[in-house]
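Descriptive analysis of the structure
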Amino acid sequence: MLQFKLVLLGDSSVGKSSIVHRFVKDSFDEFRESTIGAAFLSQTIKIEDKTNHNETVVKFEIWDTAGQERYKSLAPMYYRNANAALVVYDVTQQDSLAKAQGWVTELKTKVGEDDLVICLVGNKLDLCEGETTPKAVDSKQAQEYAQEQGLLFHEVSAKTGEGVKEMFQSIGEKLYESK
Ligand code: GDP
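Labelled according to an unreviewed UniProt entry, the chain appears under the name ZYBA0S03-05204g1_1, originating from Zygosaccharomyces bailii. For the record of the chain, the UniProt heading Sequence similarities (unreviewed entry) holds the text "Belongs to the small GTPase superfamily. Rab family." Comment text from UniProt for the chain, heading Subcellular location (unreviewed entry), reads "Cell membrane".

Put into C-alpha cells, the structure is as follows:
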C-alpha cells in the first residue's frame, strides 16, 4: 500500500469539506456545520498498473483546513510533507478562480513544486446545469491556467458526486507514476 498526504486549499465556502465528505463517505449534507473538528480523514483507492495488470492500493490521508483559510494563512504543519493538493474554486463565483490562483502561488512557495501533485478543482458544477445559474468561471480559462502551471484540472460537484471519484483516481495515478 502506498500512502499520500493530500491537503485542501481554497477560500471559505467553495466546498472543500463537502468534496472530502463526498469522496470519503459518499454523501452530501447541505446543513453540515462548516469545518470545525473533523479535519483529518482517509480513503483508499485502487490503481491498476497497465504494464503488468497489478493492482496497488493507494491511501489518501486528507487534511482539511479546519477553517484556517479565513485567516489567509495556514500553519506550516498543514503543508509539511504534502504529496498532493486540491486547490478549489466555486464555478459560480467569478473571483474565486483568482483566489485559487493565489493559493497555488502560496503552495508553490511553501512546499516547492517538484514533488507535489496539484489539482485545480472547479466545484458546484450542479448549480450550472440547466439554465438557472450561468457558469461564472470559464472552464477554458481555468484549464489553460492549469496547463500553464502544470496542474491537473477537474470540474466536479460535491453535491451530486459528479467527477469526484474520477478526480481522485487521476490524482492517485499521477502520484503512483511519480512515486
Ligand atoms: P468549505 O468552507 O470550502 O469547506 O465549504 P463547505 O464544504 O463547508 O461548503 C460551503 C457551502 O457550499 C455549504 O453550504 C455546502 O452545502 C455548499 N456546497 C458545497 N459543495 C457544493 C456543491 O457541489 N454544490 C452545491 N450546490 N453546493 C455545494
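If you tally the helices and strands in the chain, you get 5 helices and 6 strands. Taken from the N to the C terminus, the helices and strands of the chain come in the order β-α-β-β-α-β-α-β-α-β-α. In summary, the chain has a C-alpha radius of gyration of 16 Å against a globular reference of 16 Å for 179 residues, a match within 12%. If one aligns the C-alpha atoms of the chain with their principal axes, the spans along those axes are about 45 × 35 × 35 Å. Of the contacts made within the chain by residues no fewer than 6 positions apart, 71% connect residues no fewer than 24 positions apart. For the chain, the exposed area adds up to about 9400 Å²; of that, 48% sits on carbon and sulfur atoms.

On to the layout of surface pockets, then. Taken as a whole, the largest pocket encloses approximately 480 Å³ of empty space. Ser 13, Val 14, Gly 15, Ser 18 and Lys 124 are the residues nearest the centre of the largest pocket, which is lined by 23 residues in total. If one sorts the elements of the lining of the largest pocket by residue count, helix H1 (residues 16-25) sits on top with 3 residues. Classifying every residue of the lining of the largest pocket gives 4 nonpolar, 10 polar and 9 charged.

Taken together, 19 residues sit near the ligand, with Ser 13, Lys 16, Ser 18, Asp 126 and Ala 158 positioned nearest. Residue Lys 16 places a side-chain N or O atom 2.8 Å away from an oxygen atom belonging to the ligand. The contact in question runs from an oxygen atom of the ligand to an N or O atom on the side chain of Lys 124, over 3.0 Å. About the coverage of the ligand: the protein hides 86% of its 580 Å² of free accessible area. Most atoms of the ligand, that is more than half of them, are within 2 Å of grid points of the largest pocket. Top contributing element to the shell around the ligand by residue count: H1, with 3 residues. The class makeup of the residues in the shell around the ligand is 4 nonpolar, 8 polar and 7 charged.

With that settled, consider the nonpolar core. Ranked by size, the top nonpolar core spans 54 residues in total, and within it Phe 60, Leu 86, Leu 120 and Ile 171 carry the most contacts. With residues near it in sequence (within four places) discarded, Leu 86 still touches Leu 6, Val 7, Leu 8, Leu 9, Ile 19, Cys 119, Val 121, Met 167, Phe 168 and Ile 171.

With that out of the way, let us pick up the packing of H1 against helix H5 (residues 164-177). Following both chains from N to C, one finds H1 and H5 inclined at 85°, their axes separated by 10 Å at the closest point. Classified by the interaxial angle, the pair formed by H1 and H5 is roughly perpendicular. Along its contact with H1, which presents Ile 19, Arg 22 and Phe 23, the element H5 presents Val 164, Met 167 and Phe 168. By residue class, the composition of the contact of H1 with H5 is 5 nonpolar, no polar and 1 charged.

Reading guide: rules and limits
Residues numbered from 1 in each chain as written. Predicted model: local features only at pLDDT ≥ 70, side-chain atom pairs only at ≥ 80, totals over all residues. Heavy atoms only, no water. UniProt positions renumbered as here; feature names shortened; annotations may be inferred. Helix = DSSP H or I, 4+ residues; strand = E, 2+ residues; numbered from the N terminus. Rg over C-alpha atoms; globule rule 2.2 N^0.38 Å. Contact = heavy atoms within 4.5 Å. Areas by Shrake-Rupley, 256 points an atom, 1.4 Å probe, with all protein chains shown as cover. 1 Å grid on protein atoms, 1.4 Å probe; cavity = no way out; pocket = protein on both sides within 12 Å on 5 of 7 lines; lining within 4 Å. Points joined across faces, edges and corners; volume = space filled by probe spheres on them. Nonpolar A, V, L, I, M, F, W, Y, C, P; charged D, E, K, R; others polar. Near = heavy atom within 4 Å. Polar contact = N/O pair within 3.5 Å; in protein donor to acceptor, adjacent residues only side chain to side chain. Sits in = over half its atoms within 2 Å of the grid points. Core = buried A, V, L, I, M, F, W, Y, C linked by side-chain atoms within 4.5 Å. Buried < 20%, exposed > 50% of the residue type's maximum accessible area, 1.4 Å probe, protein only. Axes fitted to C-alpha atoms, helices over the stretch in contact; angles between N-to-C directions. Parallel < 35°, antiparallel > 145°, perpendicular 65-115°, else oblique.

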